[in-house]
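Examining the three-dimensional arrangement
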Amino acid sequence: MCGIYGIADKNKFGAQDIVNGLKQLEYRGYDSWGIAVTTDSLVKIDKHTGKIGEARSILPDSTTAIGHTRWATHGGVTDENAHPHTDCKKDLAIVHNGIVENYEDLRQTLLKKNHAFTSQTDTEVVVHLIEEYMKSESFELACQKAFNELIGSNAIVVMDNGSKSIFAARLGSPLVIGKGTDKYFIASDITPFLDQTRTIYFLDEGEAVLIKNDKCIFYKTKTGKIFTPLFAQTTITKDAVSKGEFPHFFIKEIYEQVTTIPKTTKIDRKDLESVVSEIKKAKKIILLGCGTAYYCAVGSKYYFAKYGVDVSAYQASEFTPFLETIDENSLVIAISQSGETAETLETVKYSLEKGATVIGVVNARGSSLERIATMVIPVGSGPEIAVVSTKAFSAQLAVLYQIARACNGELENGRKDIEEYGKKLGAWLNERTLDSIKELAQKLIKTPHVFVIGRGVEYPFCLEFALKIKEASYIHAEGFAAGELKHGVIALIEKGTPCIVLCSHDEEYPPILSTAAELKSRGAWIIGVGPKKAKEFDTYIQTFGAGSLTGLTAVVAGQLLGYYMALFQDLDPDKPRNLAKSVTVK
Ligand code: M6R
């Protein structure tokens, strides 16, 4: 949540460079944006509510500049609350990602020392605290001292007009340094500077950096001990983070699944076998995630059961009451696209403290989850930029499907299924399919509610299908287990209520059609999704048979439906309201 970007250069550069970089980070939050540059006198700020769009910077060229895209936590969405924030004298500017839990105490202390605040944010107290410490300390020491006083998960980037330098520190929220020619970049992820350098270093927890012109000093925030970081080359290219020929990342990432799903079969078999041996050792196996990652956990639970392994799936945000059940015999499989989700990380940290083994099934490289997990399976679907998750879900599911099959000694067969699936998905994503989904989307945007119904593994797929519609189109959609309808939910059905019925799997086919008939007899509009047409369907979206993976295509249909339902209402499919891609605060 919140995107941070900064540049320190030996030579002057245009402030527009920061604005352009921020556009790449907007998926992290788009309530407001702002930039600050150093000048001969004071820092100069330009900040606004809303998305960046085609904004042009009005600030002068400089050697040092920082910027921010905000997902509001403390303080409403106003120009005043937009970052950067400054100290009283406007010598310093700060951008921040996280929550300063003790900000009210700090604010009260600073008010008594006559600091004047202009926003309601927790961030502003940090820059005033640094100002206070700078009465007796250097810029970097003051920053370090202030940072060590913050409670919570935070990443800060502070710019000093006097020394034309940037201080950055990380504890809980990501920051990466890019080493360019005569300059350094600092950002929440590598996307803003990928066209200039691929030499990067992810700050670790409790690490800080001071950047001035083209010089960088790294040190530990607690001890001040200087260290030499190990810069690495990222393999991610600029193409991977651009829309290419597609109008939105959302649709690009849906199409990418044709390659990202089969690509998971290239994961080293030894790594998957290590996971299998951990599964066999463990007395308790927990699959963990939030949102889409949680639905992936539930979907995988069905696969594990099918291949003889009993696992539980939990929402990381609801795991607190169950923390005490974790011990050294537990295996936690944490699923996350970003590897930065606050609740997932918190549960993982606790589990590690209790001696549990943690396996991270993660997409983004260099993430916090990747750093702390006992073992990591990178799902390798490349940067997922659209806020609505698509290709990460299917790649994570494909990985867990392989692990489930490997538990039963059938990894190779599982891999063949997945490779085959990729080919069929490519063929299915054709004009005919798109036309039928677009036609349905046009009709569904006129309805207030959509129900999605399934059985077995298609129950979690219903939840994911419904989430795509909710997030992208703002239309109420709810996933239900078919067998549960008669226990209450069927009371919601009236004439014309759209019920999307997922009918992918032969073993569930007769009972799910009975449910469709029961709904239809109460007036529901039955939209069947599956490889076989049935007389119960008023509308039909045809998918294809792919054995145990058949239901996955229903999720892809849900992704496409969500996308077009957003598009047909003139909504921004890549940036749904109120959301941010990476939920780094609780
Ligand atoms: O990065 P993570 O996979 O840990 O994120 C978990 C959820 O925040 C995420 O899946 C969210 O639900 C998406 N908006 C779904 O499209």
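Just so it is clear, the structure is predicted and the values come from calculations on it, not from any experiment.

What counts, and where the lines are drawn
- Residues numbered from 1 in each chain as written.
- Predicted model: local features only at pLDDT ≥ 70, side-chain atom pairs only at ≥ 80, totals over all residues.
- Heavy atoms only, no water.
- Pairing = 2+ DSSP bridges.
- Helix = DSSP H or I, 4+ residues; strand = E, 2+ residues; numbered from the N terminus.
- Contact = heavy atoms within 4.5 Å.
- Axes fitted to C-alpha atoms, helices over the stretch in contact; angles between N-to-C directions.
- Domains from an automatic or database assignment.
- Buried area = accessible area lost by both parts, 1.4 Å probe.
- Salt bridge = Lys/Arg side-chain N within 4 Å of Asp/Glu carboxyl O.
- Polar contact = N/O pair within 3.5 Å; in protein donor to acceptor, adjacent residues only side chain to side chain.
- Nonpolar A, V, L, I, M, F, W, Y, C, P; charged D, E, K, R; others polar.
- UniProt positions renumbered as here; feature names shortened; annotations may be inferred.
- Core = buried A, V, L, I, M, F, W, Y, C linked by side-chain atoms within 4.5 Å.
- Buried < 20%, exposed > 50% of the residue type's maximum accessible area, 1.4 Å probe, protein only.

With respect to topology, 7 strands assemble into an open sheet ordered E5-E6-E7-E8-E12-E13-E14, the strand pairing being antiparallel. Taken across any chain shown, the strands that pair with only one partner, and hence form the sheet edges, are strand E5 (85–86) and strand E14 (226–227). Sheet topology places strand E12 (residues 207–212) next to strand E13 (residues 215–220); 6 bridges connect them, and they run antiparallel. Bridge pairing in E13 places Lys212 opposite Lys215. Against the sheet, helix H3 (residues 123–133) touches E5, strand E6 (92–98) and strand E7 (154–160), its axis set at about 135° to E6. Helix H4 (residues 139–149) contacts E6, E7, strand E8 (165–171), E12 and E13 of the sheet and is inclined by roughly 20° relative to E8.

With that settled, consider the domain arrangement of the chain. Interface size is commonly expressed as the accessible surface area that is lost when the partners come together. In terms of domains, the chain is made up of domain 1 (3–240), domain 2 (243–428) and domain 3 (430–572). Placing the centre of domain 2 and that of domain 3 at their C-alpha centroids yields a distance of 25 Å. In this assembly, 31 residues from domain 2 lie in contact with 35 residues from domain 3. Roughly 2,800 Å² of surface becomes buried between domain 2 and domain 3 when both sides are summed, with 69% attributable to carbon and sulfur atoms. At the boundary of domain 2 and domain 3, one finds 0 salt bridges. Viewed at the interface, domain 3 and domain 2 are joined by 14 residue pairs in polar contact (both at pLDDT 80 or more). Sorting the residues of the side of domain 2 that touches domain 3 by element identifies helix H5 (249–263), helix H7 (292–306), helix H10 (391–407) and helix H11 (411–428) as the ones contributing at least two each. Across the side of domain 2 that touches domain 3, the residue classes break down as 20 nonpolar, 8 polar and 3 charged.

Residues annotated by UniProt as "domain: Glutamine amidotransferase type-2" (unreviewed entry) correspond here to residues 2–214. A distance of 26 Å separates the end C-alpha atoms of residues 2–214, which is 20% helix and 35% strand.

It is worth spelling out the nonpolar core at this point. Formed by 118 residues in total, the largest nonpolar core has its most connected members in Ile279, Phe304, Ile500 and Leu561. Beyond its immediate stretch of four places on either side in the chain, Leu561 contacts Ile437, Leu440, Ala441, Leu444, Phe465, Ile469 and Ile500. Core analysis: the next-biggest nonpolar cluster, separate from the first, contains 26 residues, Tyr103, Val126, Ile130 and Leu210 among them.

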